[in-house]
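Chain residues, written in single-letter form:
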Amino acid sequence: MENNNLFPEFEPVSSKQWKQQIQYELKGADYNETLVWESPEGIKVKPFYHNDEDKANLGSNVSETAFSIVQNIFVHDVKKSNERALDTLQRGAESIRFTIENKEVSIEELMKDLPLESTTYYFHLPFLSIDFVNHLNDFSNKNKANFILQIDPIGQLCSDGNWFENLDSDFEKLNSIASKSVSFLKISSGIYQNAGANKVQELAYTLAHVNEYFNRISSINSPITIEVAVGTNYFFEIAKLRALRLLFNTLAKEYNHNFDCHIIATPTKRNKTLYDYNVNMLRTTTECMSAILGGADAIANLPYDSLYHKDNEFGDRIARNQLLVLKHESYFDKVNNPADGAYYIESLTEQLAEKALLLFKDIEANGGFITQLIEGNIQRKISESAAKEQELFDSGKEVLLGTNKYPNKNDKMKHDLELYPFVKQNPRKTLITPIIEKRLAEKVEQERIASEKLE
């Protein structure tokens, strides 16, 4: 990176001089105890960063045109889903992600009159069917459509506790699908964050998740999609996404996989609240900003009312408009690699990547990701991390405005619940203990809902 001296009349100030001045201003208080804090990942955050100490330059190699606005559509009624896709594309969406649970859905009817060559369409498939994938692939080739499939048997195992069928059958089908031209593989990284994993765990588990596919699929000749949940720690989340791309590309080279990963970012559910729900818009805005600056290829925003309302046009429009403002009014898409050269972010990126790589190596040395899931070690580590964060929330050190800080006692929600916003666990037989996504505010909110019913 070229070093241009913009103000040669000023003498450079070294990091040692800065620290001496800070210590003088502290008037005897301890520098480390007063100004250095430690993150849940064990990273000590300093009050300032200087180029004579922090020299990492881990360019993210993200072009200014990368970030696209994704609209999520759950396909209940094919005709209505088609109409909704047409409408949202006219209102600012640039990509559509269809979630299809029914194998009998007509792709021809779903895609009727939609622009095929100029728009990317994601298909999240919570089932594994070679015939359905072949049909999508044939339609894509015939119509020159840009389809990206999202199939993740390991993600299914993590969230559900069971494979689609079983390990051998699922990977036999994946190997058959891999021979097709369509991009088919997704890594459901957001599961770990939404269940309470810290950032080092997220990165390491995602990398180990990817490595299982590299090891078990004979040839992956298309980009792998990684779906990431973005939390509220602004600079750490930027660094997390940059570290993810760096780690993925490092691993991919070992398998001669020459495609960069395709990152789709969505705001986390973990810090979203039922009460004072409008604050969710502020949370998702900063989380989307982190995603953009961290180099996400696509962003699917989370509507502010998604916890308690069914899909609705108003919530979707607000979520989409947040991204449109960031893109067309804040010009977040006009700069290449905007976080490059920021000493703090570069340092965080390097430390997160190094710690995640060590944890990844430990997972591989102990049998790999699937083995660690079956033995319950991954679930236990996430549970321990989640408990620490929950304790911070319960004690008021982790603040969610309107919930555990400045709650509005007049805010009532019991009559507005179209969805049940709390974790449900139905006893059933599973191969492993599933990784359960849970919000920090659930216990507090359940108590408030219960008290409302007594009034």
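Right above here is the structure, for reference.
**Student:** Where do I start with the overall build of the protein chain in this structure?
**Tutor:** Within the protein chain, the secondary structure is distributed over 16 helices and ten strands. The globule rule puts the C-alpha radius of gyration for 455 residues at 23 Å, and the 23 Å found for the protein chain is close to it. By its C-alpha atoms, the protein chain is 70 × 65 × 50 Å across when sized along the principal axes. Considering only residue pairs separated by 6 or more positions, the protein chain has 77% of its internal contacts joining residues 24 or more positions apart.

**Student:** Can you help me understand the nonpolar core in this one?
**Tutor:** Nonpolar side chains in soluble globular proteins tend to end up buried together. In terms of nonpolar packing, the biggest core is built from 104 residues, with Phe98, Ile100 and Met111 touching the most fellow members. Per-element accounting of this core gives the leading share, ten residues, to helix α10 (residues 234-254). Those residues in contact with Phe98 that lie beyond four places of it in its chain are Ile73, Val75, Ser81, Ala85, Leu110, Met111, Leu114, Tyr121, Tyr122, Phe123 and His124.

**Student:** Is there a simple way to explain the packing of aromatic side chains in this structure?
**Tutor:** The way to describe two aromatic rings as a pair is by their centre distance and the angle between their planes. Enumeration according to the criterion identifies 21 aromatic pairs in this entry. With a centroid separation of 6.4 Å and 85° between ring planes, the pair formed by Tyr304 and Phe314 is classed as edge-to-face. Of the two residues, Tyr304 is situated in the loop between β10 (298-299) and α12 (313-328) and Phe314 in helix α12; the sequence distance between them amounts to ten residues. In this arrangement the basic side chain of Lys327 is found over the ring face of Phe67, its NZ or CZ atom lying 4.8 Å from the centre. Above the face of the Tyr406 ring, Lys405 is positioned so that its terminal group lies 5.4 Å from the ring centre.

**Student:** Honestly, the environment of Asn377 in this entry has me stumped. Any pointers?
**Tutor:** In this fold, Asn377 is placed in helix α15 (residues 377-394). Linking Asn377 and Ile363, residues 14 residues apart in sequence, is a C-alpha distance of 9.5 Å. At 3.3 Å, the side chain of Asn377 forms a polar contact with the side chain of Glu375.

**Student:** Could you clarify how one ought to interpret unusual backbone geometry in this entry?
**Tutor:** Of all residues except glycine, most have a negative phi; of all peptide bonds, most are trans. The backbone phi angle of Asn256 is positive, close to 55°, even though this residue is not glycine. Structurally, the position occupied by Asn256 is in the loop between α10 and β9 (262-267). What makes Asn256 exposed here is its relative accessible area of 64%.

**Student:** Just checking my understanding: could you explain the packing of helix α9 (residues 199-216) against helix α13 (residues 343-365) for this structure?
**Tutor:** Each packed pair of helices is defined by two parameters, the angle between the axes and the distance between the axes. One way to put it is that α9 packs onto α13 with a least axis distance of 8 Å and a crossing angle of 50°. Taken together, α9 and α13 sit at an angle that is classed as oblique. In terms of crossing hand, the pair formed by α9 and α13 is right-handed. Two secondary-structure elements touch here, α9 through Lys199, Val200, Gln201, Leu203, Ala204, Tyr205, Leu207, Ala208 and Asn211 and α13 through Leu352, Lys355, Ala356, Leu357, Leu359, Phe360, Ile363 and Glu364. Its residues assigned to classes, the contact of α9 with α13 comprises twelve nonpolar, two polar and three charged.

**Student:** I'm lost on the pairing of strand β3 (residues 68-74) in this one. Help?
**Tutor:** Regular strands place their side chains on alternate faces of the sheet. Among the seven residues that make up β3, five are buried, leaving the element largely enclosed by the rest of the structure. The pairing of β3 with β10 spans two bridges and is parallel. Directly across from Ser68, in β10, lies its bridge partner Ala298. Between β3 and its parallel partner strand β4 (residues 95-99), the chain crosses via helix α3 (residues 78-90), and the hand of that crossover is right-handed.

**Student:** Would you mind showing me how to read the pairing of strand β7 (residues 183-188) here?
**Tutor:** The element β7 is extensively covered by neighbouring structure, given that six of its six residues are classed as buried. Pairing analysis gives two bridges linking strand β6 (residues 146-151) to β7, with the strands arranged parallel. For Ile148, the partnering residue across the bridge sits in β7 and is Ser183. Across three bridges, the pairing between β7 and strand β8 (residues 225-230) is parallel. By the bridge assignment, Lys186 is partnered in β8 with Thr225.

So, how was this worked out
Residues numbered from 1 in each chain as written. Predicted model: local features only at pLDDT ≥ 70, side-chain atom pairs only at ≥ 80, totals over all residues. Heavy atoms only, no water. Helix = DSSP H or I, 4+ residues; strand = E, 2+ residues; numbered from the N terminus. Rg over C-alpha atoms; globule rule 2.2 N^0.38 Å. Contact = heavy atoms within 4.5 Å. Core = buried A, V, L, I, M, F, W, Y, C linked by side-chain atoms within 4.5 Å. Buried < 20%, exposed > 50% of the residue type's maximum accessible area, 1.4 Å probe, protein only. Phe/Tyr/Trp six-rings, centres within 6.5 Å; stacked < 30°, edge-to-face > 60°. Lys NZ or Arg CZ within 6 Å of the ring centre and 35° of its normal. Polar contact = N/O pair within 3.5 Å; in protein donor to acceptor, adjacent residues only side chain to side chain. Axes fitted to C-alpha atoms, helices over the stretch in contact; angles between N-to-C directions. Parallel < 35°, antiparallel > 145°, perpendicular 65-115°, else oblique. Left-handed = near helix turned anticlockwise from the far one by under 90°. Nonpolar A, V, L, I, M, F, W, Y, C, P; charged D, E, K, R; others polar. Pairing = 2+ DSSP bridges. Right-handed = clockwise from strand over helix to strand, strands pointing away.

Purely geometric stuff here, so don't read any function into it on its own.
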